[in-house]
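The chain contents come next:
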Amino acid sequence: MKNLISKRFLALGVVVSLSLTACQKAETESNPLQSSSTDPEMNIVGSARNTRSSIKGLISESAATRMQETYKKNYQGKNYTEYVVFDLDDMEQYIKEIKKKYKSDKVYVYFGQYDNVTAPKPEYNGRVSVFFLGNNKITSSGNIRSQSLGDGTSLDGSNYLNHGNIWP
């Protein structure tokens, strides 16, 4: 009887050991969106290699450079905008405000083009830009783009942001 119990514990130990090994192997296998390669061309999409960061969607410098070069090749002309710069303090205040006022849990990045009414400077007419939109989770209409505060009394806020500097 003692021999039978010992064999069962031994078998159970082997099964547990194999299971733990399989779990560890599954956790350490590379994600198809993350590259363990040292070749910068191979680490194009996915999370950054620094796994200590809690920010999802970080990409490598080489991926960003490659994407920027592809963009430059495909989009040229008089309305060309290479990038838009936003002040971090303004972004932080914007995010805090839309979280508080609209209960936003997401920020959408939209692409737009200035016309003679919306261009902050006449020379920006026709230029491409970006603007941000926080989703409005308190609107009674269910329209996330709404600026209604849900009480039906005013439209005193804005869940849109566009004032960055464009270059060139």
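See the structure printed just above.
Residues numbered from 1 in each chain as written. Predicted model: local features only at pLDDT ≥ 70, side-chain atom pairs only at ≥ 80, totals over all residues. Heavy atoms only, no water.

Engineer: Help me understand the pattern of salt bridges in this model?
Structural biologist: Should the charged atoms of two oppositely charged side chains come close, the side chains can pair. Enumeration according to the criterion identifies four salt bridges in this entry. The partner of Lys101 in a salt bridge is Glu97, and the shortest N-O contact between them spans 3.5 Å. With Lys101 and Glu97 both in helix 3 (residues 88–102), this residue pair falls four residues apart, about one helical turn. Residue class for Glu97 comes out partly exposed when judged on its relative accessible area of 36%. A salt bridge links Asp105 to Lys137, with the nearest nitrogen and oxygen atoms 3.2 Å apart. Here Lys137 lies in the loop between strand 3 (128–134) and strand 4 (160–161) and Asp105 lies in the loop between helix 3 and strand 2 (107–113), a separation of 32 residues in the sequence. The network of salt bridges with shared partners includes Glu69, Lys72 and Glu82. (Salt bridge = Lys/Arg side-chain N within 4 Å of Asp/Glu carboxyl O. Helix = DSSP H or I, 4+ residues; strand = E, 2+ residues; numbered from the N terminus. Buried < 20%, exposed > 50% of the residue type's maximum accessible area, 1.4 Å probe, protein only.)

Engineer: Help me out: how do you make sense of the packing of aromatic side chains in this one?
Structural biologist: For any two aromatic rings, the description comes down to two numbers: the centre-to-centre distance and the angle of the planes. As enumerated under the stated definition, the model contains seven aromatic pairs in all. Pairing Phe86 with Phe132 gives two aromatic rings, centres 4.9 Å apart and planes at 75°, and the pair type is edge-to-face. Taken together, the residues Phe86 in the loop between strand 1 (83–85) and helix 3 and Phe132 in strand 3 connect sequence positions 46 residues apart. Across the pair, exposure class does not vary: Phe86 and Phe132 are buried alike. When the ring of Tyr114 is compared with that of Tyr124, the centres are 6.1 Å apart and the planes differ by 20°; the resulting orientation is stacked. (Phe/Tyr/Trp six-rings, centres within 6.5 Å; stacked < 30°, edge-to-face > 60°.)

Engineer: How should I be thinking about the sheet that holds strand 3 in this particular structure?
Structural biologist: If you trace the three strands from one edge of the open sheet to the other, you get 2-3-4, paired in antiparallel fashion. The open sheet terminates on both sides in strands that have one partner only, identified here as strand 2 and strand 4. In this sheet, strand 4 lies alongside strand 3 in antiparallel orientation, the contact comprising two bridges. Directly across from Leu133, in strand 4, lies its bridge partner Tyr160. (Pairing = 2+ DSSP bridges.)

On their own, these measurements won't tell you what the molecule is for.
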